[in-house]
Amino acid sequence: MRKDRVAAAVLAGMLWTGSAHAQQVDVGASPPPPETAQQPPETSSADTQRQPNTGAGRSPRNRQRDTSPSALTADTQNAPPPGLIGDWQEIRTRLGRRGIGLTARYASESGYNFAGGTRKLFRETGQFDVGTLLDLEKLIGLGGGAFQATVTWRRGYDLTQDAGLGTLQQVQEVYGRGQTVRVTQLWYEQKIGPAVEIKLGRTNPGEDFAVFSCHFMNLSFCGAQPGNLNGSYWQNWPIGQWGARVRVDLPRDFYVQTAAYEINPRNLENHFFIAHFKGATGVLVPVEGGWSRGGDDGHVGSYKIGGWIATEHGDDVFLDVNRRPIAITGMDPLRRDSRYGVYFTMQQQLTGESKDGKAMNGLSMFANVTQADRRTSVTDNQVALGLFYKGLVPHVPGDVLGVGVARTNVNGRVAAGQRLDPARPTVQGAEYAAEVYYSIHPADWLEMRPNLQYIHHPGGVAAADDVAVLGMKAAITL
């Protein structure tokens, strides 16, 4: 196993010829095994769910990478360790020398609602993904170039729907967007000089904007938060959208970036396709600025602030075409010509040690806040706060304790309309979710994360019974 681990690490070093993005900080990722931790930064494992930053880049001491095997939905941070079947008879190593990286893995989420819902059920759902990351400098001599392709297959059953939990946010975040095979990533990225980077192809905004990990099982704590509130046009993993992004690195670890993504409802179709070229309804344009801190001083962190505008038309949640309450007139809603929002996300290590821009142990925190357009968004804001503690139990490999609390709010204008509807018995407010998990690595290729969720006022309905779910989130790297 040690030989396989070293081989995979060497392969990754061949693929990652430059530094990782400054914003790709994940304080909740499990620390690598001792042998991996002792490798120099350029031997960190490859990652098929985030973009490489090849070519000219920052010095090795500023590289920030994670080696958790949590290849889970919308998690664009984490890099897989050596897999269950090792180096595939040295196939990975041989391909790596030529600039070709391959990965395959399965993520599973199981849950049982022992409180709340219309009936008690056990459900399992999961995602299998295979990907290739190409170093174009090694392949064709194109310095600073990279190509990523990833296919995902989602399968299983949805506890949220089947048990009648009625929650605003799914208790199994990996379920959704259609149980089908998809081309999730198919993009080309090019470094231009030491500071500018462009990315083109099939991608999604959650890979680069408001980036956050998916260590928790409740969707409130998973992925780019704007997609949790406005998933019809901000389409997170595993959806692919045509897009183009430009990023500029600034002095002192600051950066700015912007992009344009096609909004196309056909991307949500529940059958296999590579891409659609017709059916666009608008363009999503996010803008983000941020700062991150790596190094070995025990204070790894990142801070991002951003916003977006979508040119797609949206229905007003309260007014009709005559600007009167829909609940009274029953007429068609007023059409708005754009949609928008703002967000803030931060991660900060508070205690412990760090190495090569990664929190190795101790206490860290995170905060995600998003406010969406109140004219058109049914759920208009979400706040999530939490803590990670690494190294809670000595000698347990890669253990992390995670605790999170979140509030998802139903737009007050939606609630106002519900109050005007005499046929509606309840009015929605806010849903409150909490989750605690403990993550361990029995083997390099296996991560197990038992968790407990509690949802107060599911669906934002104060009269609804609270929901409690006992779950297991696991990932197997092949």
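Residues numbered from 1 in each chain as written. Predicted model: local features only at pLDDT ≥ 70, side-chain atom pairs only at ≥ 80, totals over all residues. Heavy atoms only, no water.

## What about the nonpolar core?
Note the threshold: As used in this record, nonpolar core signifies buried Ala, Val, Leu, Ile, Met, Phe, Trp, Tyr and Cys residues forming a set joined through side-chain atoms within 4.5 Å. Per-residue accessibility, obtained with a 1.4 Å probe over protein chains only, is compared with the maximum for each type, and a residue is labelled buried under 20%, exposed over 50%, and partly exposed between these values. Helix and strand assignments come from DSSP, with helices taken as H or I runs of at least 4 residues and strands as E runs of at least 2, each series counted from the N terminus. Residue contacts are counted whenever heavy atoms from the two residues lie within 4.5 Å of one another.
Counting residues in each nonpolar core, the largest one holds 14 residues, and the members touching the most others are Phe209, Tyr233, Trp234, Leu284, Trp308 and Tyr343. Elements supplying a minimum of two residues to this core: β7 (254-263) and β9 (301-310). It is β7 that contributes the most residues to this core, three residues altogether. Filtering out sequence-adjacent residues up to four positions away, phenylalanine 209 remains in contact with Ala224, Trp234, Arg245, Gln257, Thr258, Ala259, Tyr261, Pro286, Val287, Glu288 and Tyr343.

## Re the pattern of salt bridges
Which entries qualify depends on this criterion: A carboxyl oxygen of Asp or Glu within 4 Å of a side-chain nitrogen of Lys or Arg is what we treat as a salt bridge.
Under the defined criterion, the tally for this structure stands at 21 salt bridges. Between lysine 473 and glutamate 109 there is a salt bridge, with the nearest N and O atoms lying 3.3 Å from each other. In this pair, lysine 473 is assigned in strand β20 (residues 467-477) and glutamate 109 in strand β1 (residues 100-115), connecting sequence segments 364 residues apart. Lysine 473 sits in the buried class, given a relative accessible area of 1%. Between arginine 293 and aspartate 297 there is a salt bridge whose closest N-O contact spans 2.4 Å. Residues joined by salt bridges that share partners form a network here, namely Glu189, Glu197, Lys199, Glu207, Asp208 and Arg245.

## Quick look at a nonpolar patch on the surface
Quick note on the threshold: The residues that make up patches have over 30% relative accessible area and no salt bridge, and they are joined within 9 Å when like-charged or within 5 Å when they are Val, Leu, Ile, Met, Phe, Trp or Tyr. Accessible areas in this description were obtained via Shrake-Rupley with a 1.4 Å probe; residue shielding takes into account the shown protein chains only.
A cluster of nonpolar side chains, Tyr112, Phe114, Phe122, Leu350, Leu387, Val403, Val436, Leu452 and Leu470, forms an exposed patch at the surface whose accessible area comes to about 780 Å². With respect to the helices, strands and loops of the structure, valine 436 is situated in strand β18 (residues 430-443).

## Remarks on the confidence of the model for the protein chain
For any part of a model where pLDDT is low, the fine detail of the predicted coordinates should not be relied upon. Filter applied, for reference: Here pLDDT means the predictor's own confidence in every residue, given as a number from 0 to 100.
Confidence in the prediction for the protein chain averages 84 pLDDT; 84% of positions are at 70 or higher. Every residue in residues 1-23 scores below 50 in pLDDT, and together they form 89 contacts with partners more than four places removed in sequence or on other chains. Low pLDDT, under 50, characterises residues 36-81; the stretch is placed with 215 contacts to residues that sit more than four places away or in other chains.

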